[in-house]
Amino acid sequence: MKVRLACFAVLAVLAGCTTPSAIFLTSDGRVMRCSASGWGVAGTAVATNIQEGCVNDMKAVGALLIGEAGSVGLTMASDPSVLRILKVVEGSPAARAGLKAGDLVTAVDGVTVKNSADMRSLMFGRVNTPVRITFVSNEIEKTVTLIRASIASVMPSVGK
């Protein structure tokens, strides 16, 4: 029995530890992962500290855990100077509000957008929170208030 306990203790010290991953979304649309691994008692403690530090840093710069981040379901043109909608995700808050590919976004929450980076940053927010989008469709300016849906329901491939 003593031999088995001694073997178990040695295995526990030698075993590796991987901290749980935390996946974040930044306001510029990047998906970031915080995780670390270590070996033995000291390595496990160091890995945990590294992972917790990463999580705290991500939160400090305004990144949201993927489960907390919301989306309205718009994909914008890749050219940063073009504010036209490239795609609207079917069934998304944007689609339900009538936005469509080709519409021109002019303001978000009352702030005039100058480029797609500004727009992405202004549209970034927590799930179940409102965002007001002003856009031009068929030469008619409209403003709609959308409630951000979970990223998983709008863009299931993000965070996998």
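Residues numbered from 1 in each chain as written. Predicted model: local features only at pLDDT ≥ 70, side-chain atom pairs only at ≥ 80, totals over all residues. Heavy atoms only, no water.

Just checking my understanding: could you explain the sheet that holds strand E2 (residues 22-25) for this structure?
Pairing between sheet strands relies on hydrogen bonds along the backbone, with the strands arranged either parallel or antiparallel. Pairing is antiparallel across the open sheet formed by three strands, whose spatial order is E3-E2-E5. A single partner strand is all that each edge strand has here, and the edge strands are strand E3 (31-34) and strand E5 (64-65). As judged from the four bridges shared by E2 and E3, these two strands associate in the antiparallel manner. Across the sheet, residue Phe24 finds its bridge partner in E3, namely Met32. (Pairing = 2+ DSSP bridges. Helix = DSSP H or I, 4+ residues; strand = E, 2+ residues; numbered from the N terminus.)

Sorry, what's going on with the side chain of Thr26 here?
Among the structural elements, Thr26 can be located in the loop between E2 and E3. Residue Thr26 is classed as buried on the basis of its relative accessible area of 10%. One polar contact links Thr26 to Asp28, side chain to side chain, over a distance of 2.3 Å. Once you skip the residues sitting within four places of it in the chain, Thr26 turns out to touch Met32, Met58, Ala63 and Phe124. (Buried < 20%, exposed > 50% of the residue type's maximum accessible area, 1.4 Å probe, protein only. Polar contact = N/O pair within 3.5 Å; in protein donor to acceptor, adjacent residues only side chain to side chain. Contact = heavy atoms within 4.5 Å.)

Just to check I follow, could you spell out the sheet that holds strand E10 (residues 111-112) for this structure?
Taken in spatial order, the four strands line up as E10-E9-E12-E13 in an open sheet, and their pairing is antiparallel. The sheet is open, and its two borders are formed by E10 and strand E13 (140-147), each paired with just one other strand. Of the strand pairs in this sheet, strand E12 (residues 130-137) and E13 are connected by eight bridges, and their pairing is antiparallel. Bridge pairing in E13 places Ser137 opposite Ile140. Of the strands in this sheet, strand E9 (104-108), E10 and E12 touch helix H4 (residues 116-123), which is tilted by about 55° from E9. (Axes fitted to C-alpha atoms, helices over the stretch in contact; angles between N-to-C directions.)

Can you walk me through H4 in this structure?
Three or four residues apart is the spacing at which side chains of an α-helix point the same way, because the helix has 3.6 residues per turn. Those residues of H4 that fall on the buried side of the exposure criterion are Ser116, Met119 and Met123. In a view along the axis of H4, the buried residues occupy a sector of 60°, so they form one face of it. For H4, the elements touching its buried residues are strand E7 (74-76), E9, strand E11 (125-126) and E12. The N-cap of H4, judged by a side-chain oxygen 3.1 Å from the amide nitrogen of Ala117 a few residues on, is Asn115. (Arc of directions from axis to C-beta.)

Please clarify how unusual backbone geometry should be interpreted in this entry.
Non-glycine residue Asp109 carries a positive phi angle of around 50°. Of note, Glu139 is a non-glycine position whose phi angle comes to about 65°, a positive value.

Explain the state of the cysteines to me, please; I cannot follow it from the model alone.
A disulfide bridge is the covalent bond that connects two cysteines by way of their sulfur atoms. Across all of its chains, the model carries one disulfide by this definition. Residue pairing for Cys34: its cysteine sulfur links by disulfide to Cys54, the two sulfurs lying 1.9 Å apart. Of note, the bridge from Cys34 to Cys54 carries an S-S torsion of about -70° and is left-handed in sense. Within this pair, whereas Cys34 is found in strand E3, its partner Cys54 is found in helix H2 (residues 40-60), the two being separated by 20 residues in sequence. (Disulfide = S-S within 2.5 Å.)

Looking at this structure, how should I read the environment of Ser71?
By the element assignment, Ser71 lies in strand E6 (residues 69-71). Distance in space between the C-alpha atoms of Ser71 and Ile151 is 5.7 Å, their sequence separation being 80 residues. Only 3.1 Å separates the side chain of Ser71 from the backbone nitrogen of Gly73, close enough to count as a polar contact.

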